[in-house]
Amino acid sequence: MDVSSLDEYASEAELLQEFTKMPSIEKAWVFPSESGNSSKAMFSLGQIDLLEDRKRTFVLSSLILKKNKDALNIEWSPFPVEMLSASAIVPSPSGSKLLVVRNKDKTSTLEIWGPSKLEKEITIPHSVHGSVYADGWFEGISWHHDENLIAYIAEEPPKCKPIFDRLGCKKEDSSEKDPVWKGQGELEEDWGETYTGKRKASLFVVNIGRGEVQQVEGIDETLSVGQVVWAPPSSDVLREYLVFVGWPEIIGPQKIRRRLGMKVCYNRPCALYSVMSPFREFSIDKLNDKAQEPQDCNLVVCLTPSFANAYFPRFSPDGKFLLFMSAESAVDTGAHSVTQSLNRMMWPSHGKPHPIHEIVDVVPIVMCPEDGLFPGLYCANLLYHPWLSDGFTLVMSSVWGSTQVILAINTLRISRISPTDSNFSWNVLAIDGDNILAISSSPVDPPQIKYGYPIPPNSKEASWDWQDVSLPFIGHSEKLRSLLSSVNFSILKIPVNNSSKNLPRGANRPFESIFVSVNKSQTEPVEDHKMDGGCNPLIVLIHGGPHSVSMTNYSKSAAFFASLGYYLLIINYRGSLGFGEEALQSLPGKIGSQDVNDILTAMDYVIAKGLVNGSKVAAYGSSHGGFLTTHLIGQVTQSKQGKDNYIDHNNCILGVVSSYKIQILLAFVIRSFSGAFSFIHVENNNE
């Protein structure tokens, strides 16, 4: 490497660190304060340490002062507090307590913090249970209403394994100091992916006052559990119920026991279940002489026997309804992610659960949305308390085309309450009474905290006012702002070039791509910007899945590439989320053909419009995106290039990328355009 190339590489590495050291907002919570005109908020922030290849977690508190809707002020604490070795932080519903989970090699520790001190520390050896699940599908940490019990998901305790010595096999685990060989017992398959090496997810409850932990009994050993919530308080003092999601390990009519992966796979059959809490406080003055502990204390009840798929259980504030999400068509079709439905069931007034067959669709599946109208639900998570103060309006974030929007849903209608004229992506963080704390961002604009008010309050019209909140911790440095000052983006609608009568209407509609480029004039639309003879190379970014989506939210990697002068074409080929079920289901059976054709069509579109120079194009993707870049290089040969309307495979980069450590190398290889493509694969570590 010559000196000039080395200097360029060093400069880009320094620039990469500028982007990666920016913190990101991961979660937020809002609690009422003593004053009616203010609320307390707590933010969880993440910051990547590029050189150490790890992520640091911080907590920052603030006071939201609301004199009136036009006078909002947030007072921030002077410094954030780093949560060293914390696996999870979960405030109690009132905000008076904070649970900090620390998973260690041989123990897990539950710390209960009060306003000014550590109130309780409970150390749990791995003989009771393994690490607490704190991310992904199985995550579930739920405070009881009186804040003295916490239900959570953790690895089941390890099973005893046989010992083999010179005398043969000992069936029980032995205290023998020097066995000849320790067997592994029966093979136990894990869920794979990010759960490799982790034992089955089981349900536990801790009594904070006693410092006692109990496993919830009665759950079938072939059921992995997660997403636990407490049922509403019951008039029956003998019963406290938990509702959770259970994933069976017995698959198919052959009853094969297998797990086959879990991470963001909605096509795994699952259902809602209820079970009684292991801690039941019996008050003698409330019970008659004949009262005894209920006989059904360990009975597990499947609440959704008529649904092949049910998850994200949430109770209405009055406790009368249980709502949940479903991706039932994923189980039927095999697509790992699909258009979702939101469903509601009545919760028994006496508190004792039973299988419920009368389930109402609050939001049904949308097959083919009309232009500009609601495309269906595509929600990756729900807040633990997603309700406005009226008690029946639920707020969630969902994909809408290539953007993420905020929706308000009640029994009458679905309303898009984030601005309809914004191409930015919006994500709800927390609910503050009738108001919403959210973040808004674009591919090259870092997240901005927004505080939303309904206008007018309690109006039937879904009109909201969104105010900017000053941030002490997020934003580009002056150097990055200068580099990105002329970068703009737009959403392009790409007509399908292989329209067919054999396809449903939704699969023949235009798909979308996000185009990021440099505008000479800030008033000039991106679509009207023509190439002026420059040689800005184009990077085609292809999402994985395939049933996923690239949204217009902030991307450090996209902003990094744009700051180096690259144009970006981020393609949501047919089969992506956010465009209706017909378009999504058109892809299975056409993998490697329809999606590849859509990518080439999008490239032809921007080249024909004169937006990019077709002679320097690189394809870059992870997971299914890496698979598609392989197809692009294999299917599109240089002889097909013609008038630069196709990819020159000699200028393609195949990247299967899962870490920021590779971004600088990829950028350098793209810039060099040495006439050969590179295959890059990085294992996923902390990110």
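Worth saying up front: this structure is predicted, and the values here are computed from it rather than measured.

**Let's talk about the nonpolar core**
Reasoning step 1: Among the nonpolar cores identified, the biggest contains 73 residues, and L203 and M396 are the most heavily contacted of them.
Reasoning step 2: Looking at this core, the element that brings in the most residues is strand 18 (residues 241-248), giving six residues.
Reasoning step 3: Apart from the residues within four sequence positions on either side, M396 is in contact with M325, L342, L377, C379, L382, V405, I406, L407, I409 and V428.
Reasoning step 4: The next biggest cluster of nonpolar side chains, apart from the first, holds 53 residues, and it includes I494, F511, F561 and L564.

**A word on the pairing of strand 2 (residues 38-49)**
Reasoning step 1: The buried fraction of strand 2 is high, at ten of twelve residues.
Reasoning step 2: Pairing analysis gives eight bridges linking strand 1 (residues 24-32) to strand 2, with the strands arranged antiparallel. Opposite K27, over in strand 2, you have S44 as the bridge partner.
Reasoning step 3: Counted along the chain from strand 1 to the antiparallel partner strand 2, the turn is five residues long.

**Examining the sheet that holds strand 37 (residues 567-572)**
Reasoning step 1: Overall, mixed pairing links the five strands, which are arranged 34-35-37-36-38 in an open sheet. Bordering the open sheet on either side are strand 34 (487-494) and strand 38 (617-621), each of which pairs with just one other strand. Ignoring strand direction, the axes of neighbouring strands in this sheet form an average angle of 20 degrees.
Reasoning step 2: Bridge count between strand 34 and strand 35 (residues 511-518): eight bridges; the pairing is antiparallel. Across the sheet, S490 pairs through a bridge with F515, a residue of strand 35.

**Things to note about the packing of aromatic side chains**
Reasoning step 1: Counted according to the given criterion, the structure contains 26 aromatic pairs.
Reasoning step 2: With a centroid separation of 6.1 Å and an interplanar angle of 20 degrees, the aromatic rings of Y152 and F204 are classed as stacked. Remark: F204 occurs in strand 15 (residues 201-207) and Y152 occurs in strand 11 (residues 149-155); sequence separation between them is 52 residues.
Reasoning step 3: Y152 gets classed as buried once you look at its relative accessible area, which sits at 2%.
Reasoning step 4: The class for F204 is buried, based on a relative accessible area of 1%.
Reasoning step 5: Ring-pair connections join several aromatic residues into one group, and the members of that group are Y133, W137, F138, W191, Y195, W247, Y266, Y311 and F312.
Reasoning step 6: Taking NZ or CZ as reference, K198 lies 4.8 Å from the ring centre of Y133, over its face.

Thresholds applied
- Residues numbered from 1 in each chain as written.
- Predicted model: local features only at pLDDT ≥ 70, side-chain atom pairs only at ≥ 80, totals over all residues.
- Heavy atoms only, no water.
- Core = buried A, V, L, I, M, F, W, Y, C linked by side-chain atoms within 4.5 Å.
- Buried < 20%, exposed > 50% of the residue type's maximum accessible area, 1.4 Å probe, protein only.
- Helix = DSSP H or I, 4+ residues; strand = E, 2+ residues; numbered from the N terminus.
- Contact = heavy atoms within 4.5 Å.
- Pairing = 2+ DSSP bridges.
- Axes fitted to C-alpha atoms, helices over the stretch in contact; angles between N-to-C directions.
- Phe/Tyr/Trp six-rings, centres within 6.5 Å; stacked < 30°, edge-to-face > 60°.
- Lys NZ or Arg CZ within 6 Å of the ring centre and 35° of its normal.

Honestly, it's all geometry; don't read function into it.
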